[in-house]
Amino acid sequence: MSSSTKSSSTKQAAPPLPEPLRVPVADSHTHLDMQSDAVEDGLAKAASVGVTTVVQVGCDLAGSRWAADTAAAYENVHAAVALHPNEAPRIVLGDPDGWSRQDAREAGGDKALDDALAEIDRLAALPQVRAVGETGLDYFRTGPEGMAAQERSFRAHIEIAKRHNKTLVIHDREAHADVLRILAEEGAPEQTVFHCYSGDAEMAEMCAAAGYFMSFAGNVTFKNAQPLRDALTVAPLGLVLVETDAPFLTPAPYRGRPNAPYLIPVTLRAMADVRGIGEDAMAEAISSNTAQAFGY
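Presented here is an overview of the structure given in this document. Not measured: the values here are computed from a predicted model. (Residues numbered from 1 in each chain as written. Predicted model: local features only at pLDDT ≥ 70, side-chain atom pairs only at ≥ 80, totals over all residues. Heavy atoms only, no water.)

Digging into the packing of helix H5 (residues 109–124) against helix H6 (residues 147–163)
Packing of H5 against H6 brings their axes to within 10 Å, and their N-to-C directions diverge by 25°. In terms of axis orientation, H5 runs roughly parallel to H6. Relative to H6, H5 is oriented so that their crossing is right-handed. Contacts between H5 and H6 pair Asp 110, Leu 113, Asp 114, Leu 117, Ile 120, Asp 121 and Ala 124 from the former with Ala 149, Arg 152, Ser 153, Ala 156, His 157, Ile 160 and Arg 163 from the latter. For the contact of H5 with H6, the class distribution of residues is 7 nonpolar, 2 polar and 5 charged. (Axes fitted to C-alpha atoms, helices over the stretch in contact; angles between N-to-C directions. Helix = DSSP H or I, 4+ residues; strand = E, 2+ residues; numbered from the N terminus. Parallel < 35°, antiparallel > 145°, perpendicular 65-115°, else oblique. Left-handed = near helix turned anticlockwise from the far one by under 90°. Contact = heavy atoms within 4.5 Å. Nonpolar A, V, L, I, M, F, W, Y, C, P; charged D, E, K, R; others polar.)

Concerning helix H2 (residues 39–48)
By the burial criterion, the buried members of H2 are Val 39, Gly 42, Leu 43 and Ala 46. Summarising the axial view, the buried residues of H2 lie within an arc of 95°, below the 170-degree limit, and thus occupy one face. Residues of H2 that are buried in the fold lie against strand E2 (51–57), helix H3 (61–73) and strand E3 (77–81). (Buried < 20%, exposed > 50% of the residue type's maximum accessible area, 1.4 Å probe, protein only. Arc of directions from axis to C-beta.)

Overview of the sheet that holds strand E4 (residues 129–138)
Strand order across the open sheet formed by 8 strands is E1-E2-E3-E4-E5-E6-E7-E8, with parallel pairing between neighbours. With one partner strand each, in any of the chains shown, strand E1 (25–30) and strand E8 (240–242) form the two edges of the open sheet. Between one strand and the next, the sheet's axes are offset by a mean angle of 30°, whatever the strand orientation. Here E4 runs beside strand E5 (residues 167–173); their pairing, made up of 6 bridges, is parallel. Following the sheet pairing, Gly 136 is matched in E5 by His 171. Running at roughly 155° to E5, helix H7 (residues 176–186) makes contact with E4, E5 and strand E6 (192–194) of the sheet. (Pairing = 2+ DSSP bridges.)

Looking at H3
Between its terminal C-alpha atoms H3 stretches 18 Å, which fits the 18 Å expected from 13 residues at 1.5 Å a residue. Every buried residue of H3 is accounted for by Gly 63, Ser 64, Ala 67, Ala 68, Thr 70 and Ala 71. Looking down the long axis of H3, one finds its buried residues gathered within 165° of arc, a one-sided arrangement. Exposed side chains of H3 directed beyond 90 degrees from the buried face belong to Ala 62, Asp 69, Ala 72 and Ala 73. Looking at the buried residues of H3, the elements they touch are H2, E2, E3, H5 and E4. By the N-cap criterion, in which a side-chain oxygen at the helix start approaches the backbone nitrogen of a residue two or three places on, H3 is capped by Asp 60, the distance to Ala 62 being 3.4 Å. (Expected span 1.5 Å × (residues − 1). Polar contact = N/O pair within 3.5 Å; in protein donor to acceptor, adjacent residues only side chain to side chain.)

In structure tokens:
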């Protein structure tokens with residue numbers, strides 16, 4: 001095997017199991033359906049290092065149905081159901097040129113979005129579905145023409161979460177001010193989680209004032225992520241969660257390799273260092289916060 005082949009196969013290889021946590025915690029946001037391990041294996045691997053609960057998050061109708069079915073089948077899996085912010089414009093406007101990096105799709109118009117939201121509403125009523133999300137705004141991939149569909153979808157998801165008394169899980173990419181504005185205009189559900197928190201310390205103070213949970217992912221460990229570490233420093237410990245967003249955002253030193261719930265301890269230890277507290281204290285806070293945030 002050439003050295004270049006060897007290094008590329010190492011890059012694709014799953015990172016090793018970290019030292020187990022002494023205090024069990026939850027992965028507050030993962031996509032088991034996008035990971036290479038079978039669900040049972042992925043959950044067993046996670047449990048072996050102290051990650052005993054996961055929140056499985058849907059991004060479209062098929063993924064949301066899968067999340068609900070998986071949560072019904074496994075006691076330690078809770079579901080979140082939604083149309084991802086980039087899914088709403090795909091439904092309404094179609095995706096003829098593959099901007100979303102998914103399959104081409106015909107435009108369905110507002111009627112198609114209404115039909116999809118009705119299905120999310122149906123799924124949100126199920127007892128194993130603890131949250132409505134990930135919903136919100138994403139200005140990174142969706143151009144101005146898609147913003148109206150995103151906003152309409154986001155407002156509808158907020159209404160669905162409140163009506164079913166479910167947690168709201170926010171995806172906010174390069175849209176901080178508008179996300180906060182719409183939450184204020186609509187009135188946020190009692191429990192609201194900013195998944196893969198991406199704001200700075202000033203925004204963390206605004207989220208804290210509103211009582212929003214902030215969930216930190218593996219990117220808090222990246223060298224260039226000082227603003228995230230600053231935000232973690234000022235976020236009240238009672239509003240902090242941890243997540244993988246697996247298979248994405250694998251923490252350093254494994255950045256670029258596949259992520260999975262069993263890598264939560266790597267991120268949690270980095271977070272404890274940022275806060276200057278012991279890993280057990282960090283894990284206890286996160287364990288209690290996640291149970292509160294998702295009502296399990």
